[in-house]
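The chain contents come next:
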Amino acid sequence: MQLSQIDTFYLTKDEPNHSCLLALRDIIMAQDPGITAEWKYNMPFFCYKGL
């Protein structure tokens, strides 16, 4: 199984950035079911209801 670009982005960061970014992603994603993680602008990006 190949990692997505988003997963690769997070996994290549050194600590403590790695843990902080993953925690922030979890916090953001937990706020609303309409939030999705996307890959835009060559980095992780969060969209709300597809926008």
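Keep in mind the model is a prediction, meaning the values are calculated, not measured.

1. Observations concerning the overall build of the protein
A tally of helices and strands in the protein yields two helices and two strands. Written out in order from the N terminus, the α and β elements of the protein read α-α-β-β. Each principal axis of the C-alpha distribution contributes one length, and for the protein these read about 30 × 25 × 20 Å. Summing over all exposed atoms, the protein offers an accessible surface of approximately 4,100 Å²; the carbon and sulfur share of this is 60%. If the 4 positive side-chain charges of the protein are averaged to one point and the 6 negative ones to another, these points end up 8 Å apart.

2. A short note on the pairing of strand 2 (residues 43-48)
Of the strand pairs in this sheet, strand 1 (residues 35-40) and strand 2 are connected by six bridges, and their pairing is antiparallel. Along strand 2, the bridge assignment pairs Ala37 with Phe46. Here strand 1 hands over to strand 2 after two residues, with Tyr41 in that stretch at a positive phi of 55 degrees.

3. Looking at the side chain of His18
Topologically, His18 is positioned in helix 2 (residues 17-30). Dropping the residues within four chain positions of it, His18 is found in contact with Tyr10, Leu11 and Lys13.

4. Notes on the environment of Asn17
Counting through the fold element by element, Asn17 comes out in helix 2. Judged by relative accessible area, Asn17 falls into the partly exposed class, the value being 47%. Between the C-alpha atoms of Asn17 and Gly34, which are 17 residues apart in sequence, the distance is 26 Å.

5. Looking at the environment of Lys13
Position of Lys13 among the secondary structure elements: in the loop between helix 1 (5-11) and helix 2. Residues Lys13 and Pro44 lie 31 residues apart in sequence; the distance between their C-alpha atoms is 13 Å. Contact partners of Lys13, with chain neighbours within four places excluded, come to His18 and Leu21.

6. Structural notes on the packing of aromatic side chains
Enumeration according to the criterion identifies three aromatic pairs in this entry. Aromatic pair Phe9 and Trp39: ring centres 6.2 Å apart, planes at 65 degrees, arrangement edge-to-face. Of this pair, Phe9 sits in helix 1 while Trp39 sits in strand 1, placing them 30 residues apart in sequence. On the basis of relative accessibility, which here comes to 27%, the residue Trp39 falls in the partly exposed class. Aromatic side chains Tyr41 and Phe45 sit 5.3 Å apart centroid to centroid with 65 degrees between the ring planes, which places their arrangement in the edge-to-face category.

Parameters and conventions
Residues numbered from 1 in each chain as written. Predicted model: local features only at pLDDT ≥ 70, side-chain atom pairs only at ≥ 80, totals over all residues. Heavy atoms only, no water. Helix = DSSP H or I, 4+ residues; strand = E, 2+ residues; numbered from the N terminus. Areas by Shrake-Rupley, 256 points an atom, 1.4 Å probe, with all protein chains shown as cover. Lys, Arg positive; Asp, Glu negative; His and termini not counted. Charge placed at Lys NZ, Arg CZ, Asp CG, Glu CD. Pairing = 2+ DSSP bridges. Contact = heavy atoms within 4.5 Å. Buried < 20%, exposed > 50% of the residue type's maximum accessible area, 1.4 Å probe, protein only. Phe/Tyr/Trp six-rings, centres within 6.5 Å; stacked < 30°, edge-to-face > 60°.

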